[in-house]
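Read off the chains here:
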Amino acid sequence: MKQDSTTAAWQLYEAGKEYKRRIGLYETVRRNEKFYRGDQWSGADDGLPHPVFNIVRRIVDFLIGAVAPKELTVHYTDDRLPFLDNSALRDSVNAGLELLNKNASYRFTHGRIDELSGRALLDAALTGDGIFYCWWDNSCRCGQPFCGDIRTDLVRNTGYFPADPTLDDVQSQDWIILAGRATVASLRREAEEGGMSHEEAMKILPDSEPEDGSLTTGETDGKATYLICFRRENGEVVYEKSTRTQVLRHAETGLRYYPIARFHWTPSHGSCHGTAPVTELIPNQRYINAAYAMVMKHMTDTAFSKVIYDKSRIPEWSNEVGEAIAAMGGGNVADAVSVVGVGKLESGYLELIDSVIDNTKSMMGATDSALGDETATNTSAILALQQASVVGLRQVSARFNRCLGELAEIWADMLCTYSPRERLLPVFENGGVAAYSADYRQLRNELLHATAETGSIDRLTPSATVTLLDHLLDGGHITVQQYLEHLPDGIRPAQLFGVDPHALAHEERVVAHALAALDAETVE
């Protein structure tokens, strides 16, 4: 390879960036992220105040909280199992599937996949896509005589480049490229570990190519862009890592699946990228900010009366308390001075702003009842509204669950490919952790599939539940006993757990017990 030539992967990468520019992905992602974090007046120079009433973040946080999984249940199946004649083999496969089920739940908690899932949902809310990437870390210590385990990370959709950008299915792609940035020192070290000579490794130089390819900063920051290219040869995935001009590593992974799982917030027909809910919120957010800015400007300019005086008769005006003001000439002094009253703001303008805010939240499912801000007068009606508000999120939840199922299939593929027979998989059992082994080579020959369930969508977050309970209690619709019974876990005082409120004779005893428990926690 010539020093000044680019790798084949880099040429494919450039073509992929052109597609993203054409659909406006880079600009959309950059704008959505700015609005979410509150940078909503960037570049504005209009003489107005720049208030930020960030309903974008309020709505997005609600949507993510409603969909985010609290626990994961994975169910593995084998398409070959009904056709196995050997009963012992069937029992072995069933035992292996059950072990994989339990290990997936353990991995979800121990590997902090719940936290990673929340970040993937935020990516999807801001960019349209959430993308998981798995890789086998040979240096990971697993508490056994050997090392190696699965790592799960996230990839932004600006760094995801499939062979066919109009095809949504990941596993149907001819090849997939993931782009990222790393320090030149780490890339050189990895290249030499992969067998490259020191002289060739030193040809890896910093570049100013940003990860998303949307603009050039001119600053190298000591990093270079790297590409990870996956393609299939003879039914198995081949891995290649490269920079603009150097191939760092090439390996046959032995995997059946591309180690990538993804989902859309809202699918877009004929594109591998989805649509983010923040995109449609931005025009409304801009109007709300601008409308409040004009109200503030109006009130600043007209909130106080102004004095107009005849300078030929009153040379200088003073606002000092009790100070005399000289007037020249005769006549009525009142004719030389006039007070202009304060300006009046059309009351309907503020009502319009409130209407825009309420309708924006309502259209996105983040109604006052769903957020727990509704004044409670009819409990059943409020719960019905809350349930209706999350109907649209069920489709998002279904797509996310399918993605987690694909992620579980990748985990099984890696475990069955790289695990030695003596490897033990940890699982939760009887309040603790146990470990068991399986016949990984046998499972690798099976046709494994996985489905994931994360539970039903919560109608209320814990904070919204407490707010609603407060409204119900203040309105006299529930008793103190019922209030305590329905407090979410983690909010009810610890001393009340295990106490049956029905066993208490009077509500006053419940209140006294609760106050004593809260006082005890405060002292501690």
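Up top is the structure.
Description of the structure in this document.

About the cut-offs
Residues numbered from 1 in each chain as written. Predicted model: local features only at pLDDT ≥ 70, side-chain atom pairs only at ≥ 80, totals over all residues. Heavy atoms only, no water. Patch = residues over 30% accessible without salt bridge, like charges linked within 9 Å, V, L, I, M, F, W, Y side chains within 5 Å. Areas by Shrake-Rupley, 256 points an atom, 1.4 Å probe, with all protein chains shown as cover. Salt bridge = Lys/Arg side-chain N within 4 Å of Asp/Glu carboxyl O. Lys, Arg positive; Asp, Glu negative; His and termini not counted. Charge placed at Lys NZ, Arg CZ, Asp CG, Glu CD. Helix = DSSP H or I, 4+ residues; strand = E, 2+ residues; numbered from the N terminus. Expected span 1.5 Å × (residues − 1). Buried < 20%, exposed > 50% of the residue type's maximum accessible area, 1.4 Å probe, protein only. Pairing = 2+ DSSP bridges. Axes fitted to C-alpha atoms, helices over the stretch in contact; angles between N-to-C directions. Contact = heavy atoms within 4.5 Å. Polar contact = N/O pair within 3.5 Å; in protein donor to acceptor, adjacent residues only side chain to side chain. Arc of directions from axis to C-beta. Core = buried A, V, L, I, M, F, W, Y, C linked by side-chain atoms within 4.5 Å. Parallel < 35°, antiparallel > 145°, perpendicular 65-115°, else oblique. Left-handed = near helix turned anticlockwise from the far one by under 90°. Nonpolar A, V, L, I, M, F, W, Y, C, P; charged D, E, K, R; others polar.

Below, the discussion takes up a negative patch on the surface. Taken together, E346, E351, D354 and D358 make up a surface patch of like negative charges. On the secondary structure map, D354 appears in helix α9 (residues 347-363).

Moving on, we get to helix α12 (residues 393-418). The end-to-end C-alpha distance of α12 is 37 Å, a good match for the 38 Å that 26 residues give at a rise of 1.5 Å each. For α12, the buried fraction is high: 20 of the 26 residues fall into the buried class.

A few words on the sheet that holds strand β9 (residues 260-264). Ordered by their spatial adjacency, three strands build an open sheet running β3-β2-β9, and the pairing between neighbours is antiparallel. Edge positions in the sheet fall to β3 (147-155) and β9, since each of these pairs with one other strand and no more. With direction set aside, neighbouring strand axes in the sheet form an average angle of 25 degrees. By the bridge criterion, five bridges tie strand β2 (residues 129-141) to β9 in an arrangement that is antiparallel. In the strand pairing of β9, F132 is matched with A261. Where α12 meets the sheet, it contacts β2, β3 and β9, and its direction lies at approximately 25 degrees from that of β2.

So, about the environment of T7. Summarising the element assignment, T7 is placed in the segment before α1 (8-22). Considering only alpha carbons, one finds T7 and T245, 238 residues apart in sequence, at a separation of 5.4 Å.

Turning next to the sheet that holds strand β6 (residues 223-233). Pairing is antiparallel in the open sheet, where five strands are placed in the order β4-β5-β6-β7-β8. Two strands bound the open sheet, and with one partner strand each, they are β4 (160-162) and β8 (247-252). The mean inter-strand angle of the sheet, taken between neighbouring strand axes irrespective of direction, is 20 degrees. Where β4 meets strand β5 (residues 175-183), three bridges bridge the pair, whose relative direction is antiparallel. Bridging from a neighbouring strand, P162 pairs with I176 of β5. The strands touched by helix α6 (residues 184-193) within the sheet are β5, β6, β7 (236-242) and β8, with β5 carrying the most contacts at an inclination of about 120 degrees.

Note on placement: R444 falls in helix α13 (residues 440-444). Side-chain polar atoms of R444 contact the side chain of E236, separated by 3.4 Å. In this structure R444 touches E236, G254, R256, D413, C416 and T417, once residues within four positions along its chain are discounted.

The first and last C-alpha atoms of α9 sit 25 Å apart over 17 residues, in line with the 24 Å expected at 1.5 Å per residue. Inspection of α9 places I353, V356, I357, T360 and K361 among the buried residues, and these make up the whole buried set. Viewed end-on, α9 has its buried residues packed into an arc of 120 degrees, placing them on one side of the element. Residues of α9 that are exposed and point more than 90 degrees away from the buried face comprise E351 and M363. Remark: G365 follows α9 within two positions and exhibits a positive phi of approximately 85 degrees.

A complete count under the given rule lists 19 salt bridges for this structure. For R107, the salt bridge goes to D149, with nearest N and O atoms at 3.2 Å. With R107 in helix α4 (residues 87-110) and D149 in strand β3, the pair connects residues that are 42 residues apart, well separated along the chain. Given a relative accessible area of 15%, D149 falls into the buried group. A salt bridge links E236 to R444; the shortest N-O distance between them is 3.4 Å. Taken as a pair, E236 in strand β7 and R444 in helix α13 lie far apart in primary sequence, 208 residues in all. The class of E236 is partly exposed, set by a relative accessible area of 31%. The exposure class assigned to R444 is buried, which follows from its relative accessible area of 18%. One continuous salt-bridge network, built from bridges that share partners, spans E33, D123 and R156.

With 87 residues, the main nonpolar core has Y76, F132, L178, F230 and I260 as its most contacted residues. Element by element, the count of residues in this core is highest for α12, at 13 residues. Setting aside chain neighbours within four positions, we find Y76 in contact with L97, L100, N101, A104, A408, E409, W411, A412, H449 and A450. The next biggest cluster of nonpolar side chains, apart from the first, holds ten residues, and it includes W10, Y26, I177 and A179.

Attention now goes to the packing of helix α3 (residues 55-67) against helix α8 (residues 277-302). A packed helix pair is summarised by two numbers, namely the angle formed by the two axes and the spacing between the axes. Running from N to C, α3 and α8 cross one another at 150 degrees; their axes reach a closest spacing of 9 Å. On the basis of their axis angle, the class for α3 and α8 is roughly antiparallel. Judged by the sense of rotation from one axis to the other, the crossing of α3 with α8 is right-handed. Between α3 and α8, the residues in contact are I55, V56, I59, V60 and L63 and P277, V278, L281, Q285 and I288, respectively. By residue class, the composition of the contact of α3 with α8 is nine nonpolar, one polar and no charged.

By themselves, these observations are geometric and do not establish any function.
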